[in-house]
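Remarks on the overall topology
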Amino acid sequence: MSTKKLVRLFETFKPSDYILELNLDPKGKKFGGTVTIRGQKTGRPSQRLTFHAKDLNVTSAILHKVHTKGSKTDGTKIKIDRINIQKSYDEVRLHTAENLYPGEYHVVLEFNGTITDPMNGLYPCYFTLDGKKKYLIATQFESHHAREVFPCIDEPEAKATFDLALITPSSKTETVIANTPVRSTMVEGDLTTTFFEITPIMSTYLLAFVHGEIGYKEAKTKSGTLVRAFATLDKVDQTDFALDVAVKCLDFYEDYFGIPFPLPKSDMIALPDFASGAMENWGLITYREQCMLVDPKNTSLPTKQYVAMVVAHELAHQWFGNLVTMRWWTDLWLNEGFASWIEYLAVDKLFPEWDMWTQFIVDEQQSAMKLDALDNTHPIEVPINHPDEIRSIFDAISYNKGASVIHMLHGYLGAEHFRDGLRHYLKQHAYKNTDTLDLWQALEDISKKPVKQFMHAWTSQPGFPIVSVATDGKKTNLTQERFYLDKPAQKSPLHWPVPVLGPADAPESFTSAQAVYTTAAPAKINQGQSGFYRTVYDPSSIAEFASIIVNFSPLDRLGLLSDSFEAAKSGYTPLNSALQLLAAYEAESNSAVWDIIAMNIGEIRRVMDDDAVRDAIKPFIVKLTARELNRLGWEEKATDSHFDKLLRPTIIGLNAGADEPLTTKEALSRFDLMKAPEDIPADLRGIIYTTAARNGDSKTFDKLLLLHNKTTNSEERVTLAAALTNFKQPALYEKALSLINTDIVRRQDAMYWLAYSFGNRFSKDAAWKWMVKNWGWLEKELGSDLSFSRTPIYAGRAFSNPEFLKEYNEFFKDKQTPGLVRAIKQGEEMLKWQIAWKQRDLAAIQAFLQS
């Protein structure tokens, strides 16, 4: 399918400031406005000026050429012959009879548009208050949706100031907030105009405002910045935790970056409808409710921890992303990878007992490696040739791999040099745009180490290495090659500077295909697991490691098990070796390590999709978890560590999934006795709900659906969605699927329902049929959401039979749009790998479990 050639409008017009007046009509779901754009035309003389505009009706345009002589400035009006809307390019073109020469111009455009339900541009957020249906009006402009609300140069490099005025219906109960504080208000009859202070120079995607019935709590940082946490009026009391974390994070970042927060206030708001997790709009961060609100009675510990992480992530962007911004989306990772790393640094400072850096390896590094093991991955620095491609790189490579290589670099440079290099970078490029090399140069300037040389391969090449470790009794040989989930016939001859992190006589790093050192006995490399690579050992070394596994650190136990399984699943080593290693983890007590165990058990069940394996693996799970189930039990104890509290649901969930009789009986009893969700601890609800569904009937379904429809808690809705899509009876899983495109399921939750349905072995075929039938609805309602672009992956990873591969390719062959083409290829590759793994190892898994 052909795609439009990307044209960078910033190359022909560089805006300096916008004066934007918007008249919102919430009841009519429409808006109108006027924008004055001041800036410099560059390049050759031409007879048009072009701006971004999408789904806007531009009704008039006035153009002035500005002349400056001495201290005097005046303008010459230039006649505009016609206004041409180019829908295929998201452009409005102003054509003139006379040539427009380089210089300063002022453009005044009048326009109008509609407020639509898809959660980008300007959209409504629905909620119920005191039994009445209401909605807020909110914005989401990243990556390229500002053009849906006003004509502009909608590119990150086109930084300008914004002088915003919002006209809204006069109301004693409704509030309007934006990036900056209110400068003044003016009431004229039924309308109120709110004038906001001019923003700092910033990119269009960071402009934001919200209107509606909202309340807030506030606090101040040590330096006096006002921090406000907004929510709908019934949820303001759930903002306390996020507000406290935000204040402490701002204090931490001001100290760490050595730069005061650049705005007088920092607002955050929990929106009832929001497509992603959160958005770092400068001075007005918007969140999905689940990512900001903490209800002591209904918020699980993982979600509370996640709230802290998201708040820390978005506040880091206020410097790294907003103050200094990537030049183009190729370097999105500069924003997201860095914020995904430093959120751990901040939260570890605030909550040292949470052991965040151990969790980092599971949540960031390991998830990045899963995607980066595909042939159809992409480099961290990825060329963007079409605006619709942008959403396809908001993925585990830009975020998680970006964070992982930053973590590796932090270890290479040392904490002090790394921090001082960042300070140098931010001060040097404040209010400007950068690319990856600018960051490497700043870190080199301070550390005097060859950062560009060390990092180039990690950010410019796709994939990562697998390092084979072989000992012959005299020496140890290391060899590296690119790791593939499903090895292609022709492997790319790529190498990386690999930090060995091994015995004392091992080299610090090696870049060539091989390295040798004198240690003869088996020894783990990548100690501490900060290197972004997998390691494979021969079976005798794995057996020796298994015998002394309790002597390894949690991170090394985690890394050894994860690497062994991933290498085996991809055909680098025998699977039996990894399974024997797993059997040695009966005494494991670390939650992060158990996350890896649970993930691999789940993957064996899902990919093998075999009744004999499902039956035989149950006693294996019960035996493996017996010690921890006995230690932790069902009830929280005063002596529990943070990791114990995180681990309890994992252990109980594994036993319930293995149909362990006492666990299943207890879960079902608690569900039957439950009168309200609060009767069950929030940490255990998901396990109890899904166990009830797996063993339930239509009455169970109705009870869960009633809970779903009554709750106003975002996390609870998603937890219940996982249960409602977990039934084995066709009538019930078909009913769950039929709810997705109704008002019962919020648009922001729709992809959870579909993904969970694909994850249920009983309903995956029905989920595929539903997706095929309702593709037009998904595209219309969710087409601009990040979750929609992952739909092919949800489908592909659900199956491991060759027959489905034909169906998959047939359906997606005419859907190769810029926003989907990478995900379609990734889904196909996952499917092919799962077919190959099942054919290769099904018999070996059956034999191991039966023995």
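That block above? That's the structure.
Figured I'd write up the structure that's included with this text. (Residues numbered from 1 in each chain as written. Predicted model: local features only at pLDDT ≥ 70, side-chain atom pairs only at ≥ 80, totals over all residues. Heavy atoms only, no water.)

1. Considering the side chain of E280
Relative to the helices and strands, E280 resides in the loop between β19 (278-279) and β20 (284-288). Look at E280: it is buried, it has no salt bridge, and the nearest opposite charge is K159 at 11 Å. What E280 contacts, discounting residues up to four positions off in sequence, is E142, Y205, L206, I285, E314, H317, Q318, N322, N335 and E336. (Helix = DSSP H or I, 4+ residues; strand = E, 2+ residues; numbered from the N terminus. Buried < 20%, exposed > 50% of the residue type's maximum accessible area, 1.4 Å probe, protein only. Lys, Arg positive; Asp, Glu negative; His and termini not counted. Salt bridge = Lys/Arg side-chain N within 4 Å of Asp/Glu carboxyl O. Contact = heavy atoms within 4.5 Å.)

2. As for the side chain of S757
Along the chain, S757 turns up in helix α20 (residues 750-759). Overall, S757 belongs to the buried group, its relative accessible area being 2%. Among residues more than four places away in sequence, those in contact with S757 are T725, L737, S763, K764 and A767.

3. Some points on the state of the cysteines
The term disulfide refers to a covalent linkage connecting the sulfur atoms of a pair of cysteines. Taken as a whole and assessed by the stated rule, the structure comprises zero disulfides. In this structure C291 is not part of a disulfide, and its nearest cysteine sulfur, from C125, lies 14 Å away. Overall, C291 belongs to the buried group, its relative accessible area being 4%. (Disulfide = S-S within 2.5 Å.)

4. Quick word on the nonpolar core
F150, Y253 and W341 are the most contacted members of the largest nonpolar core, which totals 288 residues. For this core, the element with the most residues is helix α1 (residues 240-257), which contributes twelve residues. (Core = buried A, V, L, I, M, F, W, Y, C linked by side-chain atoms within 4.5 Å.)

5. Regarding the sheet that holds strand β24 (residues 476-482)
Reading across from one edge, β27-β24-β23-β28 is the order of the four strands in this open sheet, with mixed pairing throughout. Of all the strands in the sheet, just β27 (514-517) and β28 (534-537) have a single pairing partner and so form its edges. Each adjacent strand pair in this sheet contributes to an overall mean axis angle of 20°, direction not counted. As defined by bridge partners, strand β23 (residues 465-471) adjoins β24 across seven bridges and the pair is classed as antiparallel. Across the sheet, the residue bridging to P465 is R482, located in β24. (Pairing = 2+ DSSP bridges. Axes fitted to C-alpha atoms, helices over the stretch in contact; angles between N-to-C directions.)

6. Remarks on the pattern of salt bridges
Inspection of every chain in the model, using the stated rule, returns 52 salt bridges. Close ionic contact of K217 with D240 constitutes a salt bridge, the shortest N to O distance being 2.9 Å. Here D240 lies in helix α1 and K217 lies in strand β16 (residues 214-220), a separation of 23 residues in the sequence. Classification of K217 by relative accessible area gives partly exposed; the value is 25%. Ionic pairing is found between D609 and K764, a salt bridge with its closest N-O pair at 3.0 Å. Of the two residues, D609 sits in the loop between α12 (591-608) and α13 (611-632) while K764 sits in helix α21 (residues 764-773), which places them 155 residues apart along the sequence. The class for D609 is partly exposed, based on a relative accessible area of 27%. Salt bridges sharing common partners tie together R8, E155, E157, R327 and D435.

7. Quick notes on the sheet that holds strand β10 (residues 132-140)
The strand order across the open sheet formed by four strands is β9-β10-β15-β12, and the pairing between neighbours is antiparallel. Where the open sheet ends on each side, the last strands, each with one partner, are β9 (121-129) and β12 (175-178). When strand polarity is set aside, the average angle formed by the axes of neighbouring strands in this sheet is 15°.

8. A short note on the environment of K448
Along the polypeptide, K448 turns up in the loop between α7 (436-447) and α8 (451-460). It is 9.2 Å that separates the C-alpha atoms of K448 and H417, two residues lying 31 residues apart in sequence. A distance of 2.8 Å separates a polar side-chain atom of K448 from the backbone oxygen of D445. (Polar contact = N/O pair within 3.5 Å; in protein donor to acceptor, adjacent residues only side chain to side chain.)

9. Brief notes about the pairing of β20
For a regular strand, side-chain orientation follows a simple rule: the groups alternate between the two sheet faces. Of all five residues making up β20, five are buried, and the element is well covered by its neighbours. Residues L284, T286 and R288 point to one face of β20 and I285 and Y287 to the other, with burial holding for every one of them. Pairing of strand β18 (residues 265-271) with β20 involves five bridges; the strand directions are parallel. Looking at the pairing, L271 lines up with R288 of β20. With two bridges joining them, β19 and β20 adopt antiparallel strand pairing. By the bridge assignment, A278 is partnered in β20 with Y287. Between β19 and β20, which follow one another and run antiparallel, lie four residues, and G283 among them has a positive phi close to 85°.

10. Looking at the packing of helix α4 (residues 356-372) against helix α10 (residues 554-569)
Contact pair α4 / α10: the axes reach a minimum separation of 11 Å and the direction vectors enclose 15°. Classified by the angle their axes make, α4 and α10 are roughly parallel. Seen along the crossing, α4 lies across α10 with a hand that is right-handed. In this structure, α4 uses W357, T358, I361, V362, Q366 and K370 to contact α10, whose residues at the interface are L555, L558, S562, E566 and K569. For the contact of α4 with α10, the class distribution of residues is five nonpolar, three polar and three charged. (Parallel < 35°, antiparallel > 145°, perpendicular 65-115°, else oblique. Left-handed = near helix turned anticlockwise from the far one by under 90°. Nonpolar A, V, L, I, M, F, W, Y, C, P; charged D, E, K, R; others polar.)

11. Quick notes on the packing of aromatic side chains
Counted according to the given criterion, the structure contains 55 aromatic pairs. With a centroid separation of 5.6 Å and an interplanar angle of 70°, the aromatic rings of Y126 and Y135 are classed as edge-to-face. With relative accessibility at 30%, the residue Y126 sits in the partly exposed group. Judged by relative accessible area, which is 25%, Y135 ranks as partly exposed. On the basis of an interplanar angle of 20° and a centroid distance of 5.7 Å, the ring pair of F252 and Y256 is categorised as stacked. Taken together, the residues F252 and Y256, both in helix α1 and four residues apart, mark about one turn of the helix. Here the basic side chain of R93 rests over the ring of Y89, its NZ or CZ set 5.6 Å away from the ring centre. Sitting over the face of the ring of Y216, R228 holds its NZ or CZ atom 5.3 Å from the ring centroid. (Phe/Tyr/Trp six-rings, centres within 6.5 Å; stacked < 30°, edge-to-face > 60°. Lys NZ or Arg CZ within 6 Å of the ring centre and 35° of its normal.)

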